[in-house]
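Structure assessment
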Amino acid sequence: MTEPAQALCEIRDDIAHAARIARRKGEDVTLIAVSKTRTPAEIEPLLEAGQRVFGENRVQEAQAKWPDLKARYPDVRLHLVGQLQSNKAEDAALLFDAIHSLDRPSLVTALARAFEKTGRSVPCFVQVNIGDEEQKGGCAIADLPALLAEAKAAGLPIAGLMCVPPADVEPSPYFALLAKLAADNGLSRLSMGMSGDFEAAVRLGATHVRVGTALFGPRD
Ligand SMILES: *Cc1c(COP(=O)(O)O)cnc(C)c1O
């Protein structure tokens, strides 16, 4: 087995184990293989091993990399996990199957327009700045109800909430807070957990974990 395929097996086992501890089903957790900065040659072993859900953080990079791979693996699903500029909303709607970075009213407007124009309407996660960090993307917790109301009014399909907790501190309280915010707002999906903390995220209800380095090795 190739190294990434081996890592894939182990991560799937870890997810299943964390789900079992939380009395959840492993199948209820979607593993998003975050392939940003990776070449098609690096991605291919995971496709060969059966992985079909991938995450990218740049529209242009994904446009350059994925059309060829998608032609050969048509059931691939791409998730946008990075910040989205409003002027790229249409390109994102055409290429991605889910967007995890809806974080401001201007992007609600841009995505609603893009979905109407392209005839493709893809599930969106609202990204929450869960640790109230200055440099971080995501809407402020206090602004979440208003942003959700705007997204609903604009007809966007809202899947759930997404967060990236502060680095180098125990992430569990932030995962629990995101889960509570989702429940309070009647949302069922939670995009949380990365290479270092996806098991904790699954124990606290993650339905989508976004894993890069644990699958592919360190990024340069
Ligand atoms: C890069 C990235 C990930 C994956 O991070 P790893 O630590 O490599 O697993 C997950 N989510 C987002 C938003 C990212 O930008």
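These notes cover the structure that comes with them.

So, on to the layout of surface pockets. When its volume is computed, the largest pocket comes out at roughly 350 Å³. Lining the largest pocket are 18 residues, with Lys-36, Val-81, Val-164, Met-194 and Arg-210 positioned closest to its centre.

Two faces make up the sheet, and in a regular strand the side chains alternate between them. Where burial is concerned, the two faces of strand 5 (residues 124-127) agree: the one with Cys-124 and Val-126 and the one with Phe-125 and Gln-127 are both buried. Pairing of strand 4 (residues 98-102) with strand 5, which is carried by two bridges, proceeds in the parallel orientation. Bridge pairing links Ile-99 to Cys-124 in strand 5. In this fold, strand 4 hands off to helix 5 (residues 105-118), which returns the chain to strand 5; that crossover is right-handed. As paired strands, strand 5 and strand 6 (residues 158-162) are joined by four bridges and run parallel to one another. Each bridged residue has a counterpart across the sheet, and for Gln-127 the counterpart in strand 6 is Met-162. Handedness of the crossover is the feature at issue here: the chain leaves strand 5, passes through helix 6 (residues 144-153), returns alongside strand 6, and the resulting connection is right-handed.

Strand 6 sits mainly inside the fold: five of its five residues count as buried. Relative to strand 7 (residues 189-191), strand 6 runs parallel, the two sharing three bridges. Bridge assignment links Leu-161 to a residue of strand 7, and that residue is Leu-190.

Another point: the side chain of His-208. Here His-208 shows up in strand 8 (residues 208-211). Overall, the relative accessible area of 9% leaves His-208 in the buried class. Excluding residues that lie within four positions of it along the chain, His-208 makes contacts with Thr-30, Ile-32, His-79, His-100, Phe-125, Arg-189, Leu-190, Ser-191 and Met-192.

Per the stated rule, a full pass over the model turns up nine salt bridges. The shortest N-O distance in the salt bridge between Arg-104 and Asp-103 comes to 2.8 Å. Each of the salt bridges in this network shares a partner with another, and the network as a whole consists of Glu-56, Glu-61 and Lys-65.

Another aspect to go through is the packing of helix 2 (residues 40-48) against helix 3 (residues 59-72). Relative to each other, helix 2 and helix 3 sit at 30 degrees, their axes nearing to 11 Å. Between helix 2 and helix 3, the crossing angle belongs to the class labelled roughly parallel. Where helix 2 crosses over helix 3, the handedness of that crossing is right-handed. Only Lys-65, Trp-66, Leu-69 and Arg-72 of helix 3 make contact with helix 2, whose side of the interface consists of Pro-40, Ile-43, Glu-44 and Leu-47. When the residues that make up the contact of helix 2 with helix 3 are grouped by side-chain class, the tally is five nonpolar, no polar and three charged.

The rules behind the values
Residues numbered from 1 in each chain as written. Predicted model: local features only at pLDDT ≥ 70, side-chain atom pairs only at ≥ 80, totals over all residues. Heavy atoms only, no water. 1 Å grid on protein atoms, 1.4 Å probe; cavity = no way out; pocket = protein on both sides within 12 Å on 5 of 7 lines; lining within 4 Å. Points joined across faces, edges and corners; volume = space filled by probe spheres on them. Buried < 20%, exposed > 50% of the residue type's maximum accessible area, 1.4 Å probe, protein only. Helix = DSSP H or I, 4+ residues; strand = E, 2+ residues; numbered from the N terminus. Pairing = 2+ DSSP bridges. Right-handed = clockwise from strand over helix to strand, strands pointing away. Contact = heavy atoms within 4.5 Å. Salt bridge = Lys/Arg side-chain N within 4 Å of Asp/Glu carboxyl O. Axes fitted to C-alpha atoms, helices over the stretch in contact; angles between N-to-C directions. Parallel < 35°, antiparallel > 145°, perpendicular 65-115°, else oblique. Left-handed = near helix turned anticlockwise from the far one by under 90°. Nonpolar A, V, L, I, M, F, W, Y, C, P; charged D, E, K, R; others polar.

This is a description of form; function is not addressed.
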